[in-house]
Amino acid sequence: MRAEPKKKKKADPKRDQVVRDRLRKKLKKLERVPPELIPIDDFTPSPKLMEESRIRPTPKLSEDEQERRALLIKKWARVKQEEHEAEQRSIETLLEAQRKALDELRLESEELYQAAVRCDLSLFPLEHQGPCNTAPIPKYNPPDGKFNDITQVHVQH
């Protein structure tokens, strides 16, 4: 019974034809009326912002100033690269020291090494307890707002 497919109900061809005709009529109505586009005010800039008088001319820089700025950019790039490389070196030395310490620990005791390498699951997830509710603000007047309460109340009989 479970593997046997369900028998299909015989559909009335006239009823199917009526449903198809209704759908065709709805489609024809939708095709006749062009969709109404909703204007979005946020995307249309104000005409005042597009005026020619608001365009600022780019300042003309002397060749000395252009050269000074280019050298400053190169110097800043060099400083940041050296900073990055120093950070990478410090991380590598820390990892190397950790690896050496673990190797020495393994030579001393395999049990201590396994205990040191084991993950401590008590560290995460971090559980923090604090006040659940904040104290009410004295003399606070909440804004008046109108809303329709649509919460459903279920009563058990």
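Everything numeric here is computed off the predicted structure, so don't read it as measured data. Within any chain, residue numbers begin from 1 and follow the written order of that chain's sequence. Restriction of local features to residues with pLDDT of at least 70 applies here, the model being predicted, together with a cutoff of 80 or more for giving and counting side-chain atom pairs; totals for whole chains, interfaces and linings are based on all residues. Only hydrogens and water are set aside when side-chain values are computed; all heavy atoms of the structure are taken into account.

## Focus: the overall build of the chain
Here comes step 1: The numbering of helices and of strands both runs from the N terminus, where a helix is a DSSP run of H or I of at least 4 residues and a strand a run of E of at least 2. The number of helices and strands found in the chain is 3 helices and 0 strands.
Here comes step 2: Counted from the first residue to the last, the chain has its helices and strands arranged as α-α-α.
Here comes step 3: Residue burial is assigned from relative accessible area. The probe radius is 1.4 Å, only protein chains are included, and a residue is buried under 20% of its type maximum, exposed over 50%, and partly exposed in between. Within the chain, buried positions represent 1% of all 157 residues.

## Thoughts on the pattern of salt bridges
If the charged atoms of two oppositely charged side chains come close together, the side chains can form a pair.
Here comes step 1: Salt bridges are identified by distance alone: a Lys or Arg side-chain nitrogen within 4 Å of an Asp or Glu carboxyl oxygen. Here the structure, examined in full by the defined rule, presents 7 salt bridges.
Here comes step 2: Across the salt bridge formed by Glu65 and Arg68, the nearest N and O atoms sit 2.9 Å from each other. On the criterion of helical spacing, the pair formed by Glu65 and Arg68 is a turn pair, its members being 3 residues apart in helix α2 (residues 63–108).
Here comes step 3: Note that Glu110 and Arg106 form a salt bridge whose closest N and O atoms lie 3.4 Å from each other.
Here comes step 4: Overall, the relative accessible area of 41% leaves Arg106 in the partly exposed class.
Here comes step 5: In this structure, a network of salt bridges that share partners links the residues Glu65, Arg68 and Arg69.

## Considerations on the UniProt feature "coiled-coil region" (unreviewed entry) in the chain
Here comes step 1: UniProt positions are given in the numbering used here, feature names are shortened, and annotations may be inferred rather than shown by experiment. The positions UniProt marks with the feature "coiled-coil region" (unreviewed entry) are residues 88–115.
Here comes step 2: In residues 88–115, the share of helix is 96% and the share of strand is 0%. The end C-alpha atoms are 28 Å apart.

## Regarding the packing of α2 against helix α3 (residues 110–117)
Here comes step 1: As a packed pair, α2 and α3 sit with axes 6 Å apart at the nearest point and diverge in direction by 145°. Packed against α2, whose contacting residues are Leu102, Leu105 and Arg106, the element α3 presents Glu110, Leu112, Tyr113, Gln114, Ala116 and Val117 at the interface. Here the axes come from fitting lines to C-alpha atoms, over the contacting stretch only for helices, and the angles between their N-to-C directions go from 0 to 180 degrees. Contacts between residues were defined by any pair of non-hydrogen atoms, one from each residue, lying within 4.5 Å.

## Focus: unusual backbone geometry
Here comes step 1: Positive phi, close to 60°, is recorded for Lys139, a residue that is not glycine.
Here comes step 2: The residue Lys139 is located in the segment after α3 in this model.
Here comes step 3: Taking the relative accessible area as the measure of exposure, Lys139 reaches 86% and is therefore exposed.

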